[in-house]
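# Architecture and fold: a report
Letter by letter, the chains look like this.
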Amino acid sequence: MPYAWTPEAETILTLRPHRSLPRRGFAAVVLLTFLFGSLPLFGVLGTVYLWGILPFLLAVVGGLWWGLERSYRDGEILETLRRSGDDLILRHHAPDGPPLDWRCNIYWVRAQLHETGGPVPGYLTLSGNGREVEIGRFLSEEERRRLFGELLAYLGRNRSP
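Summarised in this report is the structure supplied together with it. (Residues numbered from 1 in each chain as written. Predicted model: local features only at pLDDT ≥ 70, side-chain atom pairs only at ≥ 80, totals over all residues. Heavy atoms only, no water.)

Take the sheet that holds strand S8 (residues 131–134) next. Backbone-to-backbone hydrogen bonds pair the strands of a sheet. The strands run either parallel or antiparallel. The antiparallel open sheet is built from three strands, whose spatial order is S6-S7-S8. Strands with a single pairing partner mark the edges of an open sheet, and in this sheet they are strand S6 (110–114) and S8. Strand-to-strand twist in this sheet, taken as the mean axis angle between neighbours without regard to direction, amounts to 30°. Here helix H3 (residues 141–159) sits on the sheet in contact with S6 and strand S7 (123–128), set at roughly 160° to S6. (Pairing = 2+ DSSP bridges. Helix = DSSP H or I, 4+ residues; strand = E, 2+ residues; numbered from the N terminus. Axes fitted to C-alpha atoms, helices over the stretch in contact; angles between N-to-C directions. Contact = heavy atoms within 4.5 Å.)

On to the side chain of His-92, then. Topologically, His-92 is positioned in strand S4 (residues 87–93). Aside from chain neighbours lying at most four places away, what touches His-92 is Ile-77, Leu-78, Glu-79, Pro-98, Pro-99, Leu-100 and Arg-137.

Here the focus is the layout of surface pockets. Put simply, the largest pocket is a space of about 160 Å³. Only S4, strand S5 (100–105) and S8 provide two or more residues apiece to the lining of the largest pocket. (1 Å grid on protein atoms, 1.4 Å probe; cavity = no way out; pocket = protein on both sides within 12 Å on 5 of 7 lines; lining within 4 Å. Points joined across faces, edges and corners; volume = space filled by probe spheres on them.)

On to helix H2 (residues 49–74), then. Residues separated by three or four positions in an α-helix point in the same direction, a consequence of the helix having 3.6 residues per turn. Compared with the 38 Å implied by 1.5 Å per residue over 26 residues, the 38 Å span of H2 between its first and last C-alpha is a close match. Turning to H2, its buried residues number three or more, namely Leu-50, Leu-54, Leu-57, Val-61, Leu-68 and Tyr-72. Here the buried face of H2 lies against helix H1 (23–38). (Expected span 1.5 Å × (residues − 1). Buried < 20%, exposed > 50% of the residue type's maximum accessible area, 1.4 Å probe, protein only.)

In total, this model carries three aromatic pairs according to the counting rule given. Both rings, one in Phe-26 and one in Tyr-72, keep their centres 5.8 Å apart while their planes meet at 90°; by these two values the pair is edge-to-face. Note that Phe-26 is positioned in helix H1 and Tyr-72 in helix H2, a separation of 46 residues in sequence. Accessibility classification places Phe-26 together with Tyr-72 in one group, the buried group. Pairwise contacts between aromatic rings join Phe-26, Trp-65 and Tyr-72 into one cluster. One residue, Arg-23, lies across the ring of Phe-26, its end atom 5.5 Å from the ring centre. Positioned above the aromatic ring of Tyr-72 is the side chain of Arg-23, whose terminal nitrogen or guanidinium carbon lies 4.1 Å from the ring centre. (Phe/Tyr/Trp six-rings, centres within 6.5 Å; stacked < 30°, edge-to-face > 60°. Lys NZ or Arg CZ within 6 Å of the ring centre and 35° of its normal.)

By themselves, these observations are geometric and do not establish any function.
What follows is the structure, encoded as C-alpha cells:
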C-alpha cells in the first residue's frame with residue numbers, strides 16, 4: 001500500500017504516491033525508445049532524409065523524458081498524520097509549495113467517505129475545527145475506502161478514555 005501506519009507515538013500515518021517505474025527503469029525506457037526509434041535512421045544514413053527524421057526522434061525522446069520527469073516531480077507528495085497530545089495534525093507536503101497543515105482536537109475529528117459530490121468516487125476527508133480537508137488525494141478508490149475503515153478504527157480507539 002502507498003501508506004503505512006507506524007507504531008511511533010507521534011507520526012501515525014504516512015501517505016506517498018505509488019511508484020511503478022523506478023529510476024533504473026526510467027533510464028531503460030528512454031534508452032530503448034531512442035535505440036528502437038533510431039533503427040529507421042540506418043536506412044537513410046548519408047542522405048538528406050536523415051535530417052528530416054532525426055528532429056522527430058529527438059522530440060519523441062525529449063517529450064518522453066520531460067513527461068516522466070514531470071511524473072516523478074508530481075509524485076513527491078507526502079502526507080503525514082500525527083498525534084500531538086489531544087491534537088491530530090495532517091501535513092501535506094507538495095513539491096511546488098509550502099507544507100499545508102490542518103490541526104484539530106482528536107475528539108472532534110470526523111472521517112467521511114463521500115460516495116458522490118466529490119471530485120472522485122470515494123472522496124475521503126477529515127473534518128473538524130470548522131474545516132474539511134482531503135486526505136489521500138493520490139490513492140486509488142479502493143485504497144481510499146480501505147484507509148477510511150482504518151481511520152475510523154484509529155479514531156474510535158483513540159477517542160475512548
